[in-house]
2 protein chains.
Amino acid sequence: MVGISVDGESMKRRDILTAGIGLAGSAAVAAPAVAQSTPELRWRLHSAFPRNLDALYGAAELFARLVAEATDNRFQIEVAAAPSGEPAALLDSVGAGTLEMAYSAAYYEVGRDPTYALATAIPFGLNARQQNAWMLQGGALDLFNEIFAKSKLYALPGGNTGTQMGGWFRREVKSVADLQGLRFRIAGLGAQVLAKLGVATQTMPSADLYAALEGKTLDAAEWIGPYDDEKLGLNKVAPFYYYPGFWEGGSVMHFWFNAQKWAELPKAYRAIAAAAAASVNGDLQAKYDARNPAALRRLVGGGAQLRPFPQEVMEAALKAANDIYADIGAKNPDFKRIHDALKAFRNEEYLWFQVAEYTYDNFMIRARARG
Amino acid sequence: MVGISVDGESMKRRDILTAGIGLAGSAAVAAPAVAQSTPELRWRLHSAFPRNLDALYGAAELFARLVAEATDNRFQIEVAAAPSGEPAALLDSVGAGTLEMAYSAAYYEVGRDPTYALATAIPFGLNARQQNAWMLQGGALDLFNEIFAKSKLYALPGGNTGTQMGGWFRREVKSVADLQGLRFRIAGLGAQVLAKLGVATQTMPSADLYAALEGKTLDAAEWIGPYDDEKLGLNKVAPFYYYPGFWEGGSVMHFWFNAQKWAELPKAYRAIAAAAAASVNGDLQAKYDARNPAALRRLVGGGAQLRPFPQEVMEAALKAANDIYADIGAKNPDFKRIHDALKAFRNEEYLWFQVAEYTYDNFMIRARARG
């Protein structure tokens, strides 16, 4: 047992009493491991999200605060928005070790490897609770970290948005035919699915969306959900607010670490960082769940017209998604292996969710509608 | 400020120095705040759940492991099953400070104050995500800790089961009339609701349920969900497995601390304990979500027949629940105040959940059913 640490951090009553006054000499020899375990560290974390997305940006700030509090400020992580705003460059910096950490979404890295998308969300993937269960108790986190390790990255889940909205449309979508040529701002695998249905997909920074929709150079744009979408004001220029965002049933954010720096952290710091990430993982979902309802009310009060995607569109998109997954899987064994695991897990999850969870929510929603 | 605690568990370095032993001489002077922040502590946690409920029991073990890892084993918490198996006695011990911590469900404490039930689950309350959102981002945790403080307790959420099942019935329930005189093992506010519908409710240890159902001295029994229920083998003696457990839409477990011992913990230890509890909060839900599907499959393979509660039963139970809440609230201002807050939150939550979440799950469930 350790008596007094080298840097004087701790002292046990028993040791003080038995060691008496002769303390500063021999007793101090015993404890080098303790000093080593709580070094002073200053790390930097860049977020893929700008400050004005306060829920997502705040998730990284909360992580840094929890780590600092748990280490008496010995392990400090300075949070900033990524200077380039380019998620791929961000993870490149972390992999290269010029930056210790990032907060970003894996599906931004489909250019690196489409397998990354499976770690965040794919069209018709898992809902938020199921994605968490798959990550934390279904073996998926380990599968992904084997993939991420190829880029010298290690990741921990750090928040979920829940099912996102389908975005803002200037005109109603009543059929698959209405999607032909529709200029829609959407990225990632969701864009690939909609492109198969004839949508002219494109990416565009969120700050440009209002002007593009108002100027009619864009027909529609998806973002996140009510709480974040409200900040963009798109209800004024594209009033039809579609749901669900079937390409994001429950999108996971991740804390990204340089893999070597992670491995070199003292065990206690790894435990603290993992617990802090897990705290944020629950907290971000809670924040979205707590704040989305009032934002939705305000948006509807401000002219947003809620519309479900037509069943025909959902069905066609599901078919297109499955075709795309088959194409990617034929070329990418990692994608196929982990996507097969996701499908098997999803099949089991919805077997169970349709019984207790869904039936309960169904009753509660109907009871609410009756008042 | 307390220097040496009453039971000798902790000692602040500053006090040691000023107490006059003069130990360690001048070298020790530089680091008083650090010594104060990482004392060696050994606490005990008793769980309301027996070891064979490995998910619930394991939640407290995981908490203790995370805290130990994050503190380099300086803060160790020994986990054991509560000797008496009596939840109220358990929290009494924590309140009295003869035990530092417990892991238990607040709704076991309806005898102490029915307000406690609102912290776990009430009939027709929030689902698991909504309950988390209310606790963590809706202000409810602070409201509850004001109530718990009256019993010298402080609590943090530490896991959710999700929507539970409605239990095992020897005969089918096709109407409210079928509930008359039904001898049903169920506790808490759920029991009060069903008693209003004519059910002869009773409590009974889980170990006795099989014999009671087989010997026909009991007609039905509710427990938790597939993963835990499977261990009891009730499918063999009461084959009708009803859903949803409308009295537990998403039941929260809590880590309970003696309030004074919590307040006296160094800030870093409080941060670590809170992050560990938050980790477990997510992990237990993930565990249930990951393990319930296969257990449900095995139960159905073993003869369980899934049945939804009839709409008539659900409606009658909802009305009975609202009557009971009005009765309790008329006598208990704390209950009324926090229940009103829960209802307002629930109304907002289902406004939002019915849009993106529910529509997504609905589509996925139907797509799965078609193959």
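Residues numbered from 1 in each chain as written. Chains lettered and ligands numbered in written order. Predicted model: local features only at pLDDT ≥ 70, side-chain atom pairs only at ≥ 80, totals over all residues. Heavy atoms only, no water.

Labelled according to an unreviewed UniProt entry, chain A appears under the name Alpha-keto acid-binding periplasmic protein TakP, originating from Methylobacterium frigidaeris.

Visitor: Which residues make up the sheet that holds strand β5 (residues 167-169) of chain A, and what are the values?
Guide: Residue and element names in this part refer to chain A. The strand order across the open sheet built from 6 strands is β7-β6-β8-β5-β9-β11, with neighbouring strands paired in mixed fashion. In this open sheet, the two edge strands, each paired with only one partner strand, are β7 (200-202) and β11 (305-308). Summarising the sheet, β5 and strand β8 (residues 220-221) pair through 2 bridges and their orientation is antiparallel. Note on β8: the bridge partner recorded for W168 is A221. (Pairing = 2+ DSSP bridges. Helix = DSSP H or I, 4+ residues; strand = E, 2+ residues; numbered from the N terminus.)

Visitor: I'd like a rundown of the confidence of the model for chain A, residues and numbers included.
Guide: Residues and elements named next belong to chain A. Across chain A, the average pLDDT comes to 91, with 90% of residues at 70 or higher. Within the model, the stretch residues 1-35 combines pLDDT values under 50 with 61 contacts to residues more than four positions away or in other chains. This prediction of the complex comes with two scores: 0.90 for pTM and 0.90 for ipTM. (pLDDT = per-residue confidence, 0-100. Contact = heavy atoms within 4.5 Å.)

Visitor: Explain the sheet that holds strand β4 (residues 153-160) of chain A to me, and be specific about the residues and the numbers.
Guide: All names here are of chain A. Within the open sheet, the 5 strands sit side by side as β2-β1-β3-β10-β4. Their pairing is mixed. The open sheet has two edge strands, β2 (75-81) and β4, and neither has a second partner. Looking at each pair of strands side by side, their axes are set apart by 25 degrees on average, direction ignored. As defined by bridge partners, β4 adjoins strand β10 (residues 252-258) across 6 bridges and the pair is classed as antiparallel. Each residue of the ladder has a partner; that of L153, found in β10, is N258. Packed on one face of the sheet, helix α7 (residues 140-149) meets β4 and β10 and runs near 135 degrees to β4. (Axes fitted to C-alpha atoms, helices over the stretch in contact; angles between N-to-C directions.)

Visitor: How would you summarise the interface of chain B and chain A if you had to cite specific residues and measurements?
Guide: Listed as interface residues are 89 residues of chain B and, on the opposing side, 91 residues of chain A. In total, chain B and chain A occlude about 7,900 Å² of area from one another, counting both sides; carbon and sulfur atoms represent 64% of this. Its salt-bridge partner being R129 of chain B, residue D289 of chain A comes within 2.7 Å of it at the nearest N-O pair. Here chain B and chain A share 21 residue pairs in polar contact (both at pLDDT 80 or more) between them. Going through the elements one at a time, α1 (13-18), α2 (32-37), α3 (54-70), α6 (128-137), α12 (267-301), α13 (311-331), α14 (333-353) and α15 (356-369) of chain B are the ones with two or more residues in the side of chain B that touches chain A. Counting residues per element, the side of chain B that touches chain A draws most heavily on α12 of chain B, which supplies 22 residues. Its residues assigned to classes, the side of chain B that touches chain A comprises 48 nonpolar, 20 polar and 21 charged. (Buried area = accessible area lost by both parts, 1.4 Å probe. Salt bridge = Lys/Arg side-chain N within 4 Å of Asp/Glu carboxyl O. Polar contact = N/O pair within 3.5 Å; in protein donor to acceptor, adjacent residues only side chain to side chain. Nonpolar A, V, L, I, M, F, W, Y, C, P; charged D, E, K, R; others polar.)

Visitor: How would you summarise the pattern of salt bridges if you had to cite specific residues and measurements?
Guide: Taken as a whole and assessed by the stated rule, the structure comprises 44 salt bridges over all chains. Between D323 of chain A and K319 of chain A there is a salt bridge, and its shortest N-O distance comes to 3.1 Å. Of this pair, D323 of chain A and K319 of chain A both sit in helix α13 (residues 311-331), separated by 4 residues, roughly a single helical turn. The closest approach of N and O atoms between E315 of chain B and R370 of chain A, which form a salt bridge, is 2.7 Å.

Visitor: Give me the relation of the copies chain B and chain A: which residues, what numbers.
Guide: Superposing chain B onto chain A takes a rotation of 180 degrees combined with a translation of 0.0 Å along the rotation axis, leaving an RMSD of 0.0 Å. Considering both components of the superposition, the chain copies are consistent with a two-fold axis. Here 96% of the contact residues of chain B are again contact residues in chain A; the copies associate through an equivalent surface. (Least-squares fit on C-alpha atoms with pLDDT ≥ 70 in both.)

Visitor: So what about the side chain of R74 of chain A? Which residues, and what values?
Guide: All names here are of chain A. Position of R74 relative to the elements: it lies in the loop between α3 (54-70) and β2. R74 sits in the buried class, given a relative accessible area of 12%. Engagement of the side chain of R74 in a polar contact is seen with the backbone oxygen of T38, the distance being 3.2 Å. (Buried < 20%, exposed > 50% of the residue type's maximum accessible area, 1.4 Å probe, protein only.)

Visitor: Could you give an account of the packing of aromatic side chains, with specific residues and numbers?
Guide: Residue and element names in this part refer to chain A. Scanning the model with the defined rule gives 57 aromatic pairs over all chains in all. A ring pair is formed by F49 and Y108, whose centres lie 6.2 Å apart and whose planes are at 50 degrees; its orientation type is tilted. Of this pair, F49 sits in the loop between β1 (41-47) and α3 while Y108 sits in the loop between β3 (101-104) and α5 (117-120), placing them 59 residues apart in sequence. Since its relative accessible area comes to 5%, F49 is described here as buried. The partly exposed category is assigned to Y108, whose relative accessible area is 37%. Members of the aromatic cluster, joined through ring pairs, are F49, F63, Y103, Y107, Y108, Y154, F255, F257 and W262. Between K231 and the ring centre of Y227, over which it is positioned, the NZ or CZ distance is 4.1 Å. (Phe/Tyr/Trp six-rings, centres within 6.5 Å; stacked < 30°, edge-to-face > 60°. Lys NZ or Arg CZ within 6 Å of the ring centre and 35° of its normal.)

Visitor: Requested: an account of unusual backbone geometry, with residues and values cited.
Guide: Here the amide bond leading from Y243 of chain A into P244 of chain A is cis, since omega sits at -10 degrees, within 30 degrees of zero. Mapped onto the elements, P244 of chain A comes out in the loop between β9 (240-243) and β10. Positive phi values are uncommon outside glycine, yet F124 of chain A reaches one of about 60 degrees. Structurally, F124 of chain A is set in the loop between α5 and α6 (128-137). Despite not being glycine, N73 of chain B shows a phi value in the positive range, around 65 degrees. Its place among the elements puts N73 of chain B in the loop between α3 and β2 (75-81). Residue class for N73 of chain B comes out partly exposed when judged on its relative accessible area of 45%.

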